[in-house]
Structure formats: C-alpha cells, structure tokens
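Single-letter residue listing:
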Amino acid sequence: METAIVTGSLGLVGAESVRFLTASGLKVIGIDNDMRREFFSDDASTKWNRKTLEEECPGYVHYFNDIRSESNMEKIFYEYNQDIKLVIHAAAQPSHDWAKKAPVTDFTINANGTLNLLGMTQKFCSDAVFIYLSTNKVYGDLPNNLPLVEHDTRWEIESTHPYYERGIDESMSIDDSTHSLFGVSKAAADLLVQEYGRNFGLKTACFRGGCLTGSQHSGDKLHGFLSYLMICGMKKQEYTVIGYKGKQVRDNIHSKDLVKALYAFYKNPKAGKVYNIGGGRLSNCSIIEAISLCEEITGNKMAWS
C-alpha cells in the first residue's frame, strides 16, 4: 500500500499532513516522541493529538521514537521498505532561545536527525519523495539589511524594491549574516537535503517556512507566535514584545495550505529543490497589528509590554 512517513506527526504541520494524506488514501506512519513538551512546557505538549489522529485518521500508525536513533529508524524503514513513497520530515527543535541553552541537543535533532532519515530513505526506499520542513531563518539576519521604511504599525520594504510584490526569493544568500544556533542547525539540514538530491538523485525538497499557523498548534512563549498570542488574548495573560517596536512583519501561512503545497511537490517531484513558502502579500501582519486583531476577535483588551 502507498505509504507515507511523517516525522513530528503530532505537531502543527505533521498533524495536518497526517489528516491530508490519510484522506488522500495513503497509509501514514507517524513518528513523534513529544519532545516539544521537553523543549517548552506541559502546555506545549502534543500528546493530546495522538489519540485524535488515531481515532480520526484511518490507517494511521504511531511510533513514539526519536529520529536520532539509527536502530529505531532502521526498524521502521525496514518494515515498510519499498511501500514508502513519501517522507515528510517536520520533526525539529524549533526555538532560537532553546537552541542557545542546549546547542548540542538542538544540532543533533535538526541536523543529525535529518541526516539519519536521509540515509534510511536512500537505503530502503530510494524512489520515495523526501520533503523537509526548513525555515526562513537559514538566511540569518540578511533580511534586516533590506531598505525598510517605518510606518505607524509596521516596517515595510520600499515599494520600488524587486521584493515588494513577490517577496524574498531563493536567490538570497545564506552567507555573511548572523544566524541563531537554531538557524545554523536548520541550515545544515537544509543543505544536506539539497545535496542528497544532487549527489544521489533522491527526490528532495526544502520548504523554507516562516510563521506557520493553524488550529493544531500547541503554541508557547518560545514558539508558535499567532497561537501563543491568541492564548494570551483568551486567557488575559500579558504578552511581551521583543524588539523592533512590535512593528516586525511576518507573512503567515496556514498549515492546511502548506500541506497542499507539499502534496503538489509529491505529485511532481524533482531533485534538490528549494522553495521559500509563506503567505506573502495576501496574509501578513506585524505584531502590533496581530495584537489588534486578537483584541477584535476575543473582545478582550490585551495586556502587553
């Protein structure tokens, strides 16, 4: 049976992928050991999602395993072998701040874990499509060097700039910039995914997302901007804005729309491709603008500083 492996299957993108793929007739193998709880807090745990997926998604099989374990990954890939047609790799340590506290753990999850999965794909199902959920943080702080204009509620790129309409494309360099340690580990994985496509002919792609959102998100202070902001709005908790006067803009993309893009690549794959993926001009807001929207939606005045 046509089988997909989804890592980080209890998280935002992983869970949305499981729902979409099972509805499309695939057998889905999920791998997730709820490290989000370890990274952040009990409130950020994704454990609640496992029961929901097992009940609502026919053919879903869950493995509570660590992607860094060669023996565990080999057992799974060996069992399903050539039936595996798609790997969506969404497992990660996703926080800048957490990476700074534990850089070795961050790197082994994001970089070594990805290398482990690429090796298993090459060994057991080399014709499968391998999609990696990368990040726009591979570009470091280079976007801050663009010509930005300050407005009342946001920073905006100059309207005459080539990026104004279509956004930043994949030609932006990842060099000569300051990366967070998280950005480094994700960039290492990103490059590995590209090189396994170019060197070994695997059908690989990196989707460099920014602010991904959706109802499956277990938002926390250190990760899940819109989800956590709405939690603060609903619970009347104070929200802290860090830097840039709250005028920093993020283009948000719903996880459902992202998964449709991943599936489109699965149906028409290539080797070693890279895609910047986001909401663009159709779906974006600054933090100040997002706070205003949360107040409008919840009817609660938000406390923030």
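These numbers were taken from a predicted model, which means no experiment stands behind them. (Residues numbered from 1 in each chain as written. Predicted model: local features only at pLDDT ≥ 70, side-chain atom pairs only at ≥ 80, totals over all residues. Heavy atoms only, no water.)

**Re the pairing of strand E1 (residues 3-7)**
- Counted residue by residue, E1 has five buried out of five residues, so it is predominantly covered.
- Burial along E1 is two-sided: Thr-3, Ile-5 and Thr-7 facing one way and Ala-4 and Val-6 facing the other are all buried.
- Alignment of E1 against strand E2 (residues 27-31), held across five bridges, turns out to be parallel. Looking at E2, one finds that Ala-4 is bridged to Val-28.
- Between the parallel pair E1 and E2, the chain is carried across by helix H1 (residues 12-23), and the sense of this crossover is right-handed.
- Pairing between E1 and strand E4 (residues 84-89): five bridges, direction parallel. Bridging across to E4, Ile-5 finds its partner in Val-87. (Buried < 20%, exposed > 50% of the residue type's maximum accessible area, 1.4 Å probe, protein only. Helix = DSSP H or I, 4+ residues; strand = E, 2+ residues; numbered from the N terminus. Pairing = 2+ DSSP bridges. Right-handed = clockwise from strand over helix to strand, strands pointing away.)

**Focus on the nonpolar core**
- Ranked by size, the top nonpolar core spans 28 residues in total, and within it Leu-21, Leu-86 and Leu-262 carry the most contacts.
- Those elements giving two or more residues to this core turn out to be E1, H1, E4, strand E5 (129-135), strand E8 (203-209) and helix H10 (255-267).
- It is H10 that provides the largest number of residues to this core, a total of six residues.
- With residues near it in sequence (within four places) discarded, Leu-86 still touches Thr-3, Ala-4, Ile-5, Leu-21, Ala-128, Val-129, Ile-131 and Tyr-266. (Core = buried A, V, L, I, M, F, W, Y, C linked by side-chain atoms within 4.5 Å. Contact = heavy atoms within 4.5 Å.)

**Let's talk about the pattern of salt bridges**
- By the definition in use, this model includes 13 salt bridges.
- Between Glu-54 and Arg-50 there is a salt bridge whose closest N-O contact spans 3.1 Å. Here the residue Glu-54 and the residue Arg-50 both occupy positions in helix H3 (residues 47-56), the gap between them amounting to four residues, near one helical turn.
- Using a relative accessible area of 29% as the deciding quantity, one classes Arg-50 as partly exposed. (Salt bridge = Lys/Arg side-chain N within 4 Å of Asp/Glu carboxyl O.)

**Here we look at the side chain of Lys-247**
- Assignment of secondary structure puts Lys-247 in the loop between helix H9 (225-235) and strand E10 (249-254).
- A polar contact of 2.8 Å, which involves the side chain of Lys-247, links it to the side chain of Glu-150.
- Within the structure, the side chain of Lys-247 is placed 2.8 Å from the backbone oxygen of His-151, a separation counted as a polar contact.
- Filtering out sequence-adjacent residues up to four positions away, Lys-247 remains in contact with Glu-150, His-151, Asp-152, Thr-153, Arg-154, Trp-155, Ser-286 and Ile-288. (Polar contact = N/O pair within 3.5 Å; in protein donor to acceptor, adjacent residues only side chain to side chain.)

**Examining the sheet that holds strand E12 (residues 284-286)**
- Taken in spatial order, the three strands make up an open sheet running E9-E10-E12, and their pairing is mixed. Here the strands that pair on one side only, and so sit at the sheet edges, are strand E9 (211-213) and E12. Neighbouring strand axes in the sheet, compared pairwise and without regard to direction, differ in orientation by 35° on average.
- Across three bridges, E9 lies against E10 in parallel orientation. Of the residues in E10, the one forming a bridge with Thr-213 is His-254. (Axes fitted to C-alpha atoms, helices over the stretch in contact; angles between N-to-C directions.)

**Considering the environment of Ser-173**
- Considering the arrangement of structural elements, one finds Ser-173 in the loop between helix H7 (163-166) and helix H8 (181-200).
- Ser-173 sits in the partly exposed class, given a relative accessible area of 34%.
- Put simply, Ser-173 and Ala-102 are 71 residues apart on the chain and 27 Å apart in space, counted from C-alpha to C-alpha.
- In this view, Ser-173 contacts Tyr-139 and Leu-142; residues no more than four positions away in its chain are not counted.
- At 2.8 Å, the side chain of Ser-173 forms a polar contact with the backbone nitrogen of Asp-175.

**Focus on the sheet that holds E2**
- Read from one edge to the other, the open sheet built from seven strands follows the order E3-E2-E1-E4-E5-E8-E11, with strand pairing classed as parallel. On the outer flanks of this sheet lie strand E3 (60-63) and strand E11 (273-277), each paired with one strand and no other. Averaged over all neighbouring strand pairs, the angle between strand axes comes to 15°, with direction disregarded.
- Both E2 and E3 contribute to a ladder of four bridges, which runs parallel. Directly across from Val-28, in E3, lies its bridge partner Tyr-60.
- Lying over the sheet, helix H4 (residues 70-80) contacts E1, E2, E3 and E4, oriented at roughly 175° with respect to E2.

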